[in-house]
Every structure is written in structure tokens, then in C-alpha cells.
Amino acid sequence: MSPLPLTPAPVPARRSAWSRWTALGRFTGLVLVIALFSALAPEAFPTLTNFRTVATQTVIVAIAAMGATLVIISGGIDLSVGSVVALTTVVAALALQAGQPPVLAAALGLASAGLCGLLNGLIITRLRIVPFIATLGMMSLVRGAAKLLAKGETVRPPFSWLEDLMSKTPPRPWMLVSPGVWLMILVATATSIVLARTVFGRRVVAIGSSEATARLCGIPVERIKTLVYALAGALAGLGGLMQFSRLTLGDPTVAVGLELDVIAAVVIGGGSLSGGEGSVMGTLIGAFILQFLRNGCNQVGVDNYVQDMIIGGLIIAAVALDQARRRLSA
Amino acid sequence: MNDPASTVTPLLETRGVRKRFGSTVALDGVDFDVLRGEVHGLIGENGAGKSTLMHVLSGLVPADAGALSLDGAPYRPRSPAQAARRGVVMIHQELRLAPHLTVEANVTLGIESAAAGFLKSRANASMAREALGRLRRGDLPLGRRVGELSIGDRQIVEIARALARRARLIIMDEPTSSLSQADKAGLYDAIRRLTAEGVGVVYISHFLEEVAEVCDRATVLRDGRSVGTRRVADVAAAELIRLMVGRRIEEVFPRSPRPIGEPLLAVAGLAGREAPRGLNLQLRRGEILGLAGLIGAGRTESLRLIFGLEPLAAGTIRLLTAGGQVKQLRRGAAERLRWRVGLLSEDRQREGLALGLSLAENVVLAAPRTVSRLGWLRTGAVRTAGRRWIERLGIRAEGPLAPAARLSGGNQQKVALARLLHTEADVLLLDEPTRGIDIGSKVEIYRLMDAWAAAGKAILFVSSYFPELLGVCDRVGVMRRGECVELRDAAAWDPAALLAAATGPPS
């Protein structure tokens, strides 16, 4: 063979610098948002009480977004999140109303949400319907089921400790923040470990990155996808329990459009809808950026319509920035 | 590479393998065998049955009849995973890697070592390091994302993945189709390491020089049948070609008298974002001008700049229009098409064709006005156009409405060419028009190019395959690092000189 005077060019070490820069960039974005509103509303915004409030408000979106992070990394999408949250509040409230203990009510709510997720997964993998359509159908189906169960009304259960989970001040002082915030941290940590350290997590990334490769390597693609959607459903259900705790009632019309906030959090956090890309920390920061923006705008007195416009612009800007950086580093 | 001896049990043996898809006979009796430590070339035109045979061997499709054995034991894989468990792994032409995962994760994908579902990172790292080490490529960083590696390094990762699965037989489909010369050397080196360990390699290629260079023996397939196995050292390339097509080599590059006329396209100081960097060219009527060079030399970028697909950083592109005026091109592809400049993309699957559309729809895609009236599509005219080009270019298809995705590579390329001609382009920019297609189709494309040039069109022809450049072109320019470093009459070049000009003086 020809001994050409050629050696493979050394590839510059780019990866680590690049990923550090993206994580840092997102964090900087969060700090900027906080700094901006602290300057605009120095009395009301940068206070412990307000930060606690924001953290509590973020819980629902953030927990549901952990599931959505998995789904989006696997190359899919879940539009049924809001409906699943509503169903969970209804199921839990009905169980409490029927005199069941709170633990069982919570378990029933979670199970129904997990079942919805499993159904999503089965429709996608068995009927071979693309995730967008499958979960679009489920969005309507589950919302209808929630309304049917609740007979079209809100369900008012008797008081239980479930309502303490999302209190703005922690039920016991040593907790510092409400239990829901701790739960969010726990779920985020667990999801992060699953993604980085387990075979399952690695396979989720592989499927999103190149499904053909995953198949070729003998990975049970269908089973793993089904599991991802079931998990995402269960996590949406956990978010639903938090929603229930906040409302203290079962409301089949709650959380309409929540899935869009959830997807926005993932995307602002660096998730790519073409799969393979996304991180737990990014999603968490994304959820907080959204919530701080909303809260800050309220404090400053920016009206709701303008808030919506700002958030829309932010989503587009975040993704545009990501792509610009990717082009530069490619 | 080891000397094949007839006394040992072959690693893989096939006898009388047959396979039909509906009414099409894809394999009609294939006998061949691969020895341990042997590189066995598999050559033949597209449609000769190579893909089907590979799919049978790698477990993607079952054979209808015939016997396969691996190490003397019956071998009937029902899935690629099952084939892999028996030690047979295929490296696809389009690499199968997860670009977002690291080198280590890709090598160990699907066979990760884990405890209770948790990855054992040290064990996985050493598994990956060992596999890469066997290819003497321990220099690849395990933690780098595969999407950031060069194509050549990605291929090494895929071979390492096969090794990590204890592959004993590796099937490589056109492994060099997108490799630079340096990466090719790296690949050949890896193949030598494999065979030294007794791994068998089935090497599929359209390039006979490559087969001559890396293979010990080669089996020729024609019309689904194995028509002969030869020791590569004992056989001339002409003999292999004769086996493949039953045609003589002198007929491969047809050349009719082509009077060279006035310049149709003049490019001065052409520069893009990275490449080219100041390209000057004149393309004359009746001429085929070749552009040689390594991958990354800026040839594709030059064509795309000329066609207006990339932003022009500097330079001018001037065209002699059919009306005899000189027109400077400044805008996008639509402007080029209007002035009868056409580009054939190197990426047939993604850019060259709309695979979801029919043959006829593809043909008229760039010239909708030819088949519409006041914005309404005339479907009859679309079909007629499709039928006309099927006839003129000898496209093998069920009819004008056949989906483009279902045509063979060579026929797909003809459809892409038909689209150019349907726009009545006078200046044809052809980027690797014969890549990945069989020799028979290649020869037909050479013949068409010759005929168009003789009819007064001008062709700028980018190719990485030196023999065809030398055989087809009037002049050949060599690009290196974004510049055209040397331009000579084709007769004044030989492959060694082209290679030397393309790689440049050793630094």
C-alpha cells in the first residue's frame, strides 16, 4: 500500500469546552434574568419569600419536564402532559372523596398517569404512529376522560396532608422550602443519574441519536421507547399530584397547554427535537428561566399578553443561539 | 494477508444460495467462501446481487434456498443481532453510529457491561480501549462524541465496535466511498490488523484498484450468480471487468470527436467561506473539464458556489448566455437554472433526488413550467416527460410513475441527470456522478457525457476516481487546499501525477 506522506490530522479537543460553554451560557441566562428583575423591582423581587414562591411555582413544570427530557432525547415528543396532569388531580381527588387514605389516592393518581404514558408508548411502537400524532390524540382522549370522571366539575376532597406538599412556606421550618421543591430536586437528580450512569439512559440517547444504529446493536428499541413514555407519563402524574396539592381540588380543566411550557423548558435547556440532545440540568434551568420571567414580569407589572410575547421570543432566541454556536464549532 | 490453503475449513461458505423478492430473482446460485485471515473481494454491477447477498449473510433477509455454513456449522441468522452473536458483523456504507454518544459508548453499545443496570465505566472503557488497541488506534479519545470525529475515524470506531463483539467475519460495504487518501491508508492498516488476527473480511467495492490492493481473492457476481473466484494476484483488472459485464475495457471510456468552442463559463477569484480560495477556471463549449483532488480540497464547494448554493465571499462568475451575451451570476440557484446552468449533487439520496416522489415528478422538478399551464400541473405532460427520459437515457424502471426510492443507484443517478437535461442546461456541473453505481451504469453515464459535450454543452466534472477523469475529460485540474494548483490536458496526466499534485509536496 502506498506509504503516503500523510498522517491523520489531530482533531482539536472541542467537545468538553463546548458543552461547558453551553451549560454556562444557560446558567448565565438565568442569572441575567434574575439580575434584571432585581434591578427593576428591588423591593419585591429578590426576596427569600419570592424565591420560595418561584421555586414552588416551578415544581410542576420541572417535574413533568424531566419526563419530557427523556422523551425528547429519545427523539420523540409528548403533547399529552397537560391532560395527564388534569386526570391525575381528578383521580386523586375522587379517591380522597371516596374516603381512601392519601397515600392510596396519590398512588392511584400516579398509576393512572403511568398508564396514560404506557398507552402513549404502545400506540407509538405497536401501531407505529408518530409520537406527535399519537400524543396529540391522547391529549384529547385523556382530557375527555378526566372530564368524564369528574362529571365536568371540580372535585372537592376533604383535607389531607397532600395539600401541604406545595405550601409556599414549608410546613416545618427545618425544611426551608416546600416538600414539592425537594421532590423536584430528587427527581432531577435521579433522572440525571439514569441518563448518565445506566444502560437504559445510554440506550435512550442512542435511540434518539440514531435509531438504525440502536437497532443494529441489538437494542430493544420498541421496549425502551415504551418505557420512556410510561416514565414520562408517571412523571407528569407526579407533577399532577403537585398540581392537586396546589389547587387542593381535582380540576379536569387545569393545566391546558402545560405541555408547551414543558417542551419550552427542555428546548431552552438545550434539548433538540431531532433527538440525542438534552440535559437534566439544562431543562431545570430552562424551567426556572420561564418561571422567573413570569414572576418578574408580574412584579414589574408587565401584562400577561406581553409576557407571552417575551417568552415566545426567548424560546426562539435560545434555539437560534444554540444553532449559531453549533455552526461555529462545527 | 494469509495464503488461502484449500485443506482448511473455510470460515464462511455458501453453496447455491437463492433469493427471490416477488417476481424478481435477486440471487440465483451463489457459491463462495471466505477463509480465516482472508480479505475476500465481492464485486459486480449494481443489481448483480451483492446487497442481497450481504443482507443474507448479516441476517437482514433469510435465503430461500442453499446452504450457508460458518466454521463448518450450519449458519442461518434471522436478525443482525443473531448474526453478531455468531461473530458476523456488517459495516454499512452509511455508517451506523450514534453521533451524540462518545467513542466508548458507541463501541460498547448494546453490550455494555453493567451491574444492576448501572454502567461499569471502567470495564466499558477498557473494552473500548482494547478494541481500538487491536486496530492500533488507541489514540482515539474515548470521551469524544463520535459526531465530532472525521469520517475515517468514525469508520474505525465502527470496526472497533465489531471487534468488541468478537466478530470473526466483518462485511464491509464500499468502505472507502467517502474516505480521503489518508483515511484510506488508515482503513487498510486496520484491515491488515484484522486479518493478522485471523478475522475474515468480505470487501465490497466498485473500485477494482482497491480490490487489487487489499483483497486476497475476489468473487464476481453477475445477475445474482457467482461467475468466478480469482486470486487477485493472478488476474488482470480487465479480466475482472470482463467477468462483471462481459464487455471489453477499451469500450469503457467512449470518446467521439468533440470540437472545443468559445468559453461558456468563466470563474475568476472564486472564494467561499472556507474553500475554495481564489479559483480561476474557464469552461469551454464542447469540453469536459475534470476537477481532481482529495476530499476537502474544495471541489464540491466550488461547484456549489458556481451554482449559487453557497454564499460567495469573493470572485465573479460569468456566463455566455444562449443569446450571446455575457451575464454575471450573482443570485441563487433559480437564476442559474434560468441561464441554463445545472448541478448534479454528490449526495443523490438526500439532495440529488426527492426519493418520495416518482421518477417523472423528479425529472420535471426543476422545470415546472414545462409541464404546467397558468400554475396548474398537467399530469399527462409529467408522465410524458418521464417516459421520454426513460427512453432517452435507458432508465430501467416500471414506468414514469415508479417511486424514485425503488430504483437502483445507477438508475436513480440517471433520473437526476434527466432532471438537469430537462431544464435544457448547457453548462453541467457534475459532482461525483458515478459514485456508488455499477460499472454498466458508469459506462452509460460516460457515454452520455461524451454525447452532450459533442452536442455543444460544457461539463465541469468533479470525481475522486482518477481513471474516469483521465478517460473522460479533455482537461483535468487538480485542487488542493481550496486552490486549483495545476491544470493540464488529460493526456498529459497519469494517476501518479494526479495523486502527487493532489497531496502536494511532503511538508
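In this numbering scheme, every chain counts its residues from 1 along its sequence in written order. Chains and ligands are labelled sequentially in the order written, the chains with letters from A and the ligands with numbers from 1. The model is predicted, so local features are restricted to residues of pLDDT at least 70 and side-chain atom pairs to those at 80 or more, both for listing and for counting; the totals for chains, interfaces and linings are taken over all residues.

**A look at the overall build of chain B**
Worth spelling out the cut-off: Strands are runs of DSSP state E lasting at least 2 residues, helices are runs of H or I lasting at least 4, and numbering of each runs from the N terminus. The burial label depends on the number of other C-beta atoms within 10 Å of a residue's C-beta. Counts of 20 or more mean buried, 12 or fewer mean exposed, and intermediate counts mean partly exposed, with C-beta atoms placed from the backbone. What counts as a contact is two residues whose backbone-derived C-beta atoms lie within 7 Å of each other.
Within chain B, the regular secondary structure consists of 17 helices and 24 strands. Split into buried and exposed, the 507 residues of chain B put 50% on the buried side. Across chain B, the fraction of contacts at a sequence separation of at least 24, relative to all contacts at a separation of at least 6, is 69%.

**A look at the overall build of chain A**
Test applied: For a compact globule the rule gives 2.2 Å times the number of residues to the power 0.38, and the radius of gyration it is set against comes from C-alpha atoms.
Along chain A, the regular secondary structure elements total 12 helices and 0 strands. Ordered by position in the sequence, the α and β elements of chain A form the string α-α-α-α-α-α-α-α-α-α-α-α. Its C-alpha radius of gyration of 21 Å places chain A within 12% of the 20 Å reference for a compact globule of 330 residues. Across its three principal directions, the C-alpha atoms of chain A cover 85 × 55 × 40 Å. Split into buried and exposed, the 330 residues of chain A put 48% on the buried side. Sequence separation of 24 or more characterises 77% of the internal contacts of chain A that already satisfy a separation of 6 or more.

**Digging into the domain arrangement of chain B**
Formally: The source of the domain bounds is an automatic or database domain assignment.
Here the domain parsing of chain B yields domain 1 (96–166) and domain 2 (263–503). Centre-to-centre, using C-alpha coordinates, domain 1 of chain B lies 39 Å away from domain 2 of chain B.

**Let's talk about the pairing of strand β9 (residues 169–173) of chain B**
All names here are of chain B. Quick reminder of the rule: Two strands are counted as paired when DSSP detects at least two bridges linking them. Throughout, right-handed denotes a crossover for which the path from the first strand over the helix to the second runs clockwise when the strands point away from the viewer.
Among the 5 residues that make up β9, 4 are buried, leaving the element largely enclosed by the rest of the structure. Note: strand β6 (residues 88–91) against β9, 4 bridges, orientation parallel. Counterpart to Ile 91 in the pairing with β9 is Met 172. When β9 meets strand β10 (residues 200–204), the two strands line up parallel, connected through 5 bridges. Each bridged residue has a counterpart across the sheet, and for Asp 173 the counterpart in β10 is Ile 204. On the question of chirality, the crossover connecting β9 to the parallel β10 by way of helix α6 (residues 181–196) is right-handed.

**Remarks on the nonpolar core**
For the record, the criterion: Nonpolar cores are built from buried Ala, Val, Leu, Ile, Met, Phe, Trp, Tyr and Cys residues. These are joined into a set through C-beta atoms within 7 Å.
Counting 238 residues, the largest nonpolar core has A:Ile63, A:Ala64, B:Ala160, B:Ile170 and B:Leu429 as the members making the most contacts within it. Looking at this core, the element that brings in the most residues is helix α2 (residues 48–73) of chain A, giving 14 residues. Residues lining this core come from more than one domain, with at least three contributed by each of domain 1 (96–166) and domain 2 (263–503) of chain B.

**Some words on the interface of chain A and chain B**
At the junction of the two partners, chain A supplies 25 residues and chain B supplies 31 residues. Elements with a minimum of two residues in the side of chain A that touches chain B: α7 (199–209) and α8 (211–216) of chain A. A total of 6 residues in the side of chain A that touches chain B trace back to one element, the largest contributor, which is α7(A).

**Topic: the confidence of the model for chain A**
Spelled out, the test is: pLDDT expresses how confident the predictor is about each individual residue, on a scale running from 0 to 100.
When pLDDT is averaged along chain A, the result is 90, and 92% of the positions lie at 70 or above. Below pLDDT 50 for its whole length, residues 1–18 of chain A participates in 24 contacts with residues either more than four positions away or in separate chains.

**A word on helix α14 (residues 409–422) of chain B**
Residue and element names in this part refer to chain B. Basically, it comes down to this: Take the residue count of a helix, subtract one, and multiply by 1.5 Å to get its expected span.
For α14, with 14 residues, the first-to-last C-alpha span of 20 Å sits near the 20 Å given by 1.5 Å per residue. Considered for burial, the residues of α14 that qualify are Gly 410, Asn 411, Gln 412, Gln 413, Lys 414, Val 415, Ala 416, Leu 417, Ala 418, Arg 419, Leu 420 and His 422. Buried residues in α14 make contact with β18 (341–344), α11 (348–352), α12 (359–364), α13 (379–393), β21 (427–431) and α15 (439–454). Looking one or two residues past α14, Glu 424 carries a phi angle of roughly 60°, positive in sign.

**Digging into the confidence of the model for chain B**
Residues and elements named next belong to chain B. In the predicted model, chain B carries a mean pLDDT of 86, and 96% of its residues have values of at least 70. Put simply, helix α8 (residues 237–245) is where chain B has its lowest mean pLDDT, 74, and helix α3 (residues 103–108) is where it has its highest, 95. Below pLDDT 50 for its whole length, residues 1–6 participates in 12 contacts with residues either more than four positions away or in separate chains. The ipTM value of the predicted complex is 0.84, and its pTM value is 0.76.

**Re the sheet that holds strand β13 (residues 263–271) of chain B**
Residue and element names in this part refer to chain B. Short version of the rule: Here an axis means a line fitted to C-alpha atoms, over the contact stretch when the element is a helix, while the angle between two N-to-C directions is reported on a 0 to 180 degree scale.
Here we have 4 strands laid out as an open sheet, ordered β14-β13-β16-β17, and antiparallel in their pairing. Every other strand in the sheet has two partners, leaving β14 (277–284) and β17 (326–328) as the edge strands with one partner each. For this sheet, the mean inter-axis angle between neighbouring strands, taken without regard to orientation, is 15°. Note that β13 and β14 share 6 bridges and pair antiparallel. Within the sheet, the bridge partner assigned to Pro 263 lies in β14 and is Arg 284.

**Details of α6(B)**
For α6(B), which comprises 16 residues, the first-to-last C-alpha distance of 23 Å matches the rise-based estimate of 22 Å (1.5 Å per residue) to within 8%. Taken together, the buried positions of α6(B) are B:Asp183, B:Lys184, B:Gly186, B:Leu187, B:Ala190, B:Ile191, B:Leu194 and B:Thr195.

**A look at the packing of helix α3 (residues 81–97) of chain A against helix α10 (residues 258–268) of chain A**
Residues and elements named next belong to chain A. This is how the line gets drawn: Each angle receives one of four descriptions, namely roughly parallel if under 35 degrees, roughly antiparallel if over 145, roughly perpendicular if within 65 to 115, and oblique otherwise. In this classification, Asp, Glu, Lys and Arg are treated as charged, Ala, Val, Leu, Ile, Met, Phe, Trp, Tyr, Cys and Pro as nonpolar, and every other residue, Gly included, as polar.
Taken N-terminus to C-terminus, the directions of α3 and α10 make an angle of 125°; their axes are 6 Å apart at the nearest point. Here α10 runs oblique to α3, going by the angle between their axes. Only Leu 258, Glu 259 and Val 262 of α10 make contact with α3, whose side of the interface consists of Val 81, Gly 82 and Val 85. Of the residues that constitute the contact of α3 with α10, the class distribution is 4 nonpolar, 1 polar and 1 charged.

**Observations regarding the sheet that holds β10(B)**
All names here are of chain B. Reading across from one edge, β6-β9-β10-β3-β11-β12 is the order of the 6 strands in this open sheet, with mixed pairing throughout. With partners counted over all chains shown, the strands left at the sheet margins are β6 and β12 (225–231), one partner each. Across the sheet, the mean angle separating the axes of adjacent strands is 20° when strand polarity is ignored. In this sheet, β10 lies alongside strand β3 (residues 39–43) in parallel orientation, the contact comprising 4 bridges. Considered in β10, the bridge of Leu 42 is made with Ile 204.

**Looking at the pairing of β21(B)**
All names here are of chain B. The element β21 is largely enclosed, with a buried count of 5 among its 5 residues. Judged by which residues are buried, β21 turns out to be covered on both faces: Val 427, Leu 429 and Asp 431 on one side and Leu 428 and Leu 430 on the other are all buried. Taken together, the 4 bridges between β18 and β21 define a ladder with parallel strand orientation. Pairing of Gly 342 across the sheet is with Leu 428, part of β21. Examined bridge by bridge, β21 and strand β22 (residues 458–462) share 5 bridges and lie parallel to one another.

**Here's the deal with the environment of B:Gly278**
Residues and elements named next belong to chain B. Mapping Gly 278 onto the fold places it in strand β14. Taking the C-alpha atoms as reference points, Gly 278 and Cys 484, 206 residues apart in sequence, are found 8.5 Å from one another. Excluding its chain neighbours within four sequence positions, the residues that come into contact with Gly 278 are Gly 269, Leu 270, Ala 271 and Glu 483.

**Observations regarding unusual backbone geometry**
At the junction of B:Ala275 and B:Pro276, the peptide bond is cis and its omega measures out at -10° in the coordinates. Along the chain, the position of B:Pro276 falls in the loop between β13 and β14. Not every positive phi belongs to a glycine, and A:Arg128 is a case in point at roughly 50°. With respect to the helices and strands, the residue A:Arg128 is situated in the loop between α4 (102–126) and α5 (131–149). With a phi close to 65°, B:Arg340 is a non-glycine residue in the positive phi region.

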